[in-house]
Amino acid sequence: MSNTKFILGLFDDPDDMMQGIDNLQKNSIPIYDVYTPMPIHGIEAKMGVKDSRLGYAAFCFGCLGGTVIFSMIYYMLVHDWPMNVGGKPSFAIPNFVPFTFEWTILFTAFGMTITFFAATHLFPGRAPRVMDLRATDDRFVIAVSAKGNVPHEDITNLLKQAGAVEVKHNERKYVSYE
Amino acid sequence: MASHNESIIREPLMTGKDITYAQITNDILLPVENKPNKAWWIGFTVASLGSLLWVVAISYTFWFGLGAWGLNKTIGWAWDITGFVWWVGIGHAGTLISAVLLLFRQNWRNSINRSAEAMTIFAVICAATYIVAHMGRPWLAYFTLPLPNQYGSLWVNWNSALMMDVFAISTYFSVSLLFWYTGLLPDIAAIRDRATGLRRRIYSIMSFGWTGSLKTWQRFETVSLILAGIATPLVLSVHTIVSFDFATSLVPGWHTTIFPPYFVAGAIFSGFAMVQTLLLVTRKVLGLENYITMFHIESMNKIILLTGSIVGVAYLTEFFIAWYSGSEYEQYTFLNRFIGPYWWAGCMMYGCNVIMTQVMWFKKVRTNIALSWGFSIIVNIGMWFERFVIIVTSLHRDYIPSSWAMFYPTWVDVSVFIGSIGIFFTMFLLFIRVLPSVAIAEVKLLLKSSSEQAKKKLIDEGHLEPAEVQYYKESLTKYDSVDMADYEKV
């Protein structure tokens, strides 16, 4: 039994990589993940990844932001210390609009982005879990877990057939740890 | 991808022969991974001296108070607010490029959005320095926040446009920063994976552990799109609210309902001029001619022409309404812009912004780099004078002739302004040294669809309408980075 943990198919062209995914899927080989230097459209449909639900999070945070600031202004301007400005009503909704608008956007942006970072485990100082250092440069990488997916030569051949420029049999999952 | 090629009649967004994904990374990271050249050091030295001037002038202001400026009892707002509005306006182009053009799927934004967004952030920082500076007592800046206090609590005045400005500018700055930094993550990861030692460690922390996995990209794209969707109304709201600072007052020349759209158009106009000023130099110095092409330059010039014309229509409307209103004070204010003591400022405003930009109708002007750069500077100057005319010229002769006055800037006024330009350029020059000035991942998206080499390949393969190919070849002649000899035989 070899010590290979992950088999990486390295492609220099996104179309070849798509072919590689097809080849593996036709042979019922599960793909661990795909690493690309840029977003490749159509890949999520192929891999059966559902649409992101971040939009719902964004909407909820937006509602929260609008409610928070509207309540704050209402409390301060109408309830706690109503001011008599020429006898005009203190609950002047048009004046609330810019603040409500700004905080709706502020909460949407930060709430959604922080949700994205949390869901994807991105935060400052996180050790990058990189399988191949060129995946952020010019290599489109398909990673297949070696465990259970045997024989490894077949996987290598499937990737090569699709046009992989290199197939790596890595004994470590991540190469980025020092 | 290869299955859907872009139409041949569209101009390429990237030029150059035999460009690979690796070469894109190399080209863009060249200034980041190497020692800066002489041009950078000269620029950085000059900019740093400017920043130093700002530190001196602003310290002097805080020590001696706002009396150090040339303000008087008639003109209580002058260069400070002029500078503030000028810088905020400049910032708008970055958001327009990154957000509005993303929503409209304008792929040419991919090569210029990064530096334009950086410019937004630095311009808003410069604008923020004016807000803090004109408070006079910056240690009381927290008075603008709705904090509980021992005076009642006496809350901030939510009815004031200035309060709206606090919220608009702070939201705008923080959301722009977030948008910019999120977009930077994949590119910082690219630097990290090529670096060694301490550099790798630093960029590793900054990259948040980005890997470029499938789900990361999918979520990243969702986040970018939604951020663009909310940044678009945000950027429109910011200058609208800046214009409220004036429009909600009763000063003739300020009290007009046209201000919000007029300010927004002016902001985009001046912002694109500043992007043009910066990018034409950056492209040359960093050798990015293949990524920031003549198509980009011409497109930006077209936007400058459009927004400049909108500003021109707004100016005409102002004059018409001043006459039509029948209000003596309003009429005098607008007449005073030409026949008053500040006639020269009025001429700078109308001349630079409206008359000069109309030559952009000519394609020869739009595709001439030296002229484009010159016009971008003219627009920057013109837009500064626009704010000066609106603010100072409207204030200096209002209702009572006995309180009419002139504004004379002191050396502190001038130094704060020149210094803020120094700060802006210091930050921009540091940015192009440590972070990629072009969005690497987004430019890579163009390689197989919109690049010159992809289109050349299509032509070489045949199967295309000869008339369309001819049209395409003619459109290439304007590019300074395309060698037309390659197209003679095909």
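Residues numbered from 1 in each chain as written. Chains lettered and ligands numbered in written order. Predicted model: local features only at pLDDT ≥ 70, side-chain atom pairs only at ≥ 80, totals over all residues.

Caption draft 1: The nonpolar core, seen in detail. Among the nonpolar cores identified, the biggest contains 186 residues, and Val141 of chain A together with Val275 of chain B are the most heavily contacted of them. Sort the elements by how many residues they give to this core and helix H7 (residues 214–247) of chain B lands first, with 16 residues. The residues touching valine 275 of chain B, leaving out its near neighbours within four places in the chain, are Ala93, Ile112, Ala116, Met119 and Met300 of chain B. (Core = buried A, V, L, I, M, F, W, Y, C linked by C-beta atoms within 7 Å. Buried ≥ 20, exposed ≤ 12 C-beta atoms within 10 Å, placed from the backbone. Helix = DSSP H or I, 4+ residues; strand = E, 2+ residues; numbered from the N terminus. Contact = placed C-beta atoms within 7 Å.)

Caption draft 2: Highlighting the pairing of strand S1 (residues 6–11) of chain A. Residue and element names in this part refer to chain A. The buried fraction of S1 is high, at 6 of 6 residues. Burial along S1 is two-sided: the residues Phe6, Leu8 and Leu10 and Ile7, Gly9 and Phe11 are all buried. Taken together, the 6 bridges between S1 and strand S3 (residues 140–145) define a ladder with antiparallel strand orientation. Bridge assignment links glycine 9 to a residue of S3, and that residue is isoleucine 142. The pairing of S1 with strand S4 (residues 166–170) spans 5 bridges and is antiparallel. Each residue of the ladder has a partner; that of phenylalanine 6, found in S4, is asparagine 170. (Pairing = 2+ DSSP bridges.)

Caption draft 3: Structural detail: the interface of chain A and chain B. With 56 residues of chain A in contact, the opposing surface of chain B contributes 54 residues. For the side of chain A that touches chain B, the secondary-structure elements that each account for two or more residues are helix H1 (14–26), strand S2 (33–35), helix H2 (43–47), helix H3 (54–80) and helix H4 (93–120) of chain A. Examining the composition of the side of chain A that touches chain B, we find that 16 residues originate from one element, H4 of chain A, more than from any other. For the side of chain A that touches chain B, the class distribution of residues is 37 nonpolar, 10 polar and 9 charged. (Nonpolar A, V, L, I, M, F, W, Y, C, P; charged D, E, K, R; others polar.)

Caption draft 4: Local environment of the packing of helix H5 (residues 161–194) of chain B against helix H6 (residues 197–206) of chain B. Residue and element names in this part refer to chain B. For the pair H5 and H6, the least separation of the axes is 8 Å and the interaxial angle reads 155°. Accordingly, the angle class assigned to the pair H5 and H6 is roughly antiparallel. Handedness of the H5/H6 crossing: left-handed. Contact residues: Ile188, Ile191 and Arg192 in H5; Arg200, Tyr203, Ser204 and Met206 in H6. By residue class, the composition of the contact of H5 with H6 is 4 nonpolar, 1 polar and 2 charged. (Axes fitted to C-alpha atoms, helices over the stretch in contact; angles between N-to-C directions. Parallel < 35°, antiparallel > 145°, perpendicular 65-115°, else oblique. Left-handed = near helix turned anticlockwise from the far one by under 90°.)

Caption draft 5: Region of interest: the sheet that holds S4 of chain A. All names here are of chain A. Spatially, 4 strands are ordered S2-S3-S1-S4 in an open sheet, and the strand pairing comes out antiparallel. The open sheet is flanked by S2 and S4, the only strands paired with a single partner. In this sheet, adjacent strand axes meet at a mean angle of 20° when their direction is disregarded. Sheet strands in contact with H1 are S1 and S3, and its direction is about 20° off that of S3.

Caption draft 6: Examining helix H3 (residues 79–103) of chain B more closely. Residue and element names in this part refer to chain B. Its 25 residues give H3 an end-to-end C-alpha distance of 36 Å, which sits within 8% of 36 Å, the value for a rise of 1.5 Å per residue. Largest kink in H3: about 40°, centred on leucine 96. Most of H3 sits inside the fold, with 23 of its 25 residues counted as buried. In the segment just after H3, arginine 105 is the residue with positive phi, at about 55°. (Expected span 1.5 Å × (residues − 1). Bend = angle between axes of the 7 residues up to and from the residue.)

Caption draft 7: Region of the structure containing the confidence of the model for chain B. Residue and element names in this part refer to chain B. Per-chain confidence: chain B averages 90 in pLDDT, with 99% of residues scoring 70 or above. Within chain B, the lowest mean pLDDT, 84, falls on helix H16 (residues 452–461), and the highest, 94, falls on helix H14 (residues 411–434). Scored by ipTM, the complex comes to 0.93, with pTM at 0.92. (pLDDT = per-residue confidence, 0-100.)

Caption draft 8: Broad picture of unusual backbone geometry. Of the consecutive residues glycine 152 of chain B and serine 153 of chain B, the connecting peptide bond is found in the cis state with omega at -5°. Position of serine 153 of chain B relative to the elements: it lies in the loop between helix H4 (109–134) and H5. Not every positive phi belongs to a glycine, and serine 28 of chain A is a case in point at roughly 55°. Secondary-structure assignment places serine 28 of chain A in the loop between H1 and S2.

Caption draft 9: Structural context of H4 of chain B. Residues and elements named next belong to chain B. For H4, built from 26 residues, the straight-helix expectation of 38 Å at 1.5 Å per residue is met to within 8% by its first-to-last C-alpha distance of 36 Å. The buried count for H4 comes to 23 of 26 residues, which makes it a mostly enclosed element. Following H4 by one or two positions, glycine 136 has its phi on the positive side, about 80°.

Caption draft 10: Broad picture of the environment of serine 420 of chain B. Residue and element names in this part refer to chain B. Along the polypeptide, serine 420 turns up in helix H14. Look at serine 420 and you get buried, because 27 C-beta atoms sit within 10 Å. Separated by 365 residues in sequence, serine 420 and valine 55 have C-alpha atoms that sit 9.4 Å apart. Leaving out residues up to four positions away in the same chain, serine 420 has contacts with Trp54, Gly83, Trp87, Cys126 and Thr129.

Caption draft 11: Up close: the UniProt feature "transmembrane region" (unreviewed entry) in chain A. Residue and element names in this part refer to chain A. Those places that UniProt annotates as "transmembrane region" (unreviewed entry) correspond, in this numbering, to residues 54–77 and 103–124. Helix makes up 100% of residues 54–77 and strand makes up 0%, while its end C-alpha atoms are separated by 34 Å. With 82% helix and 0% strand, the stretch residues 103–124 has end C-alpha atoms that lie 25 Å from each other. (UniProt positions renumbered as here; feature names shortened; annotations may be inferred.)

Caption draft 12: Local environment of the environment of valine 68 of chain A. Considering the arrangement of structural elements, one finds valine 68 of chain A in helix H3. Given 15 C-beta atoms within a 10 Å radius, valine 68 of chain A is considered partly exposed.

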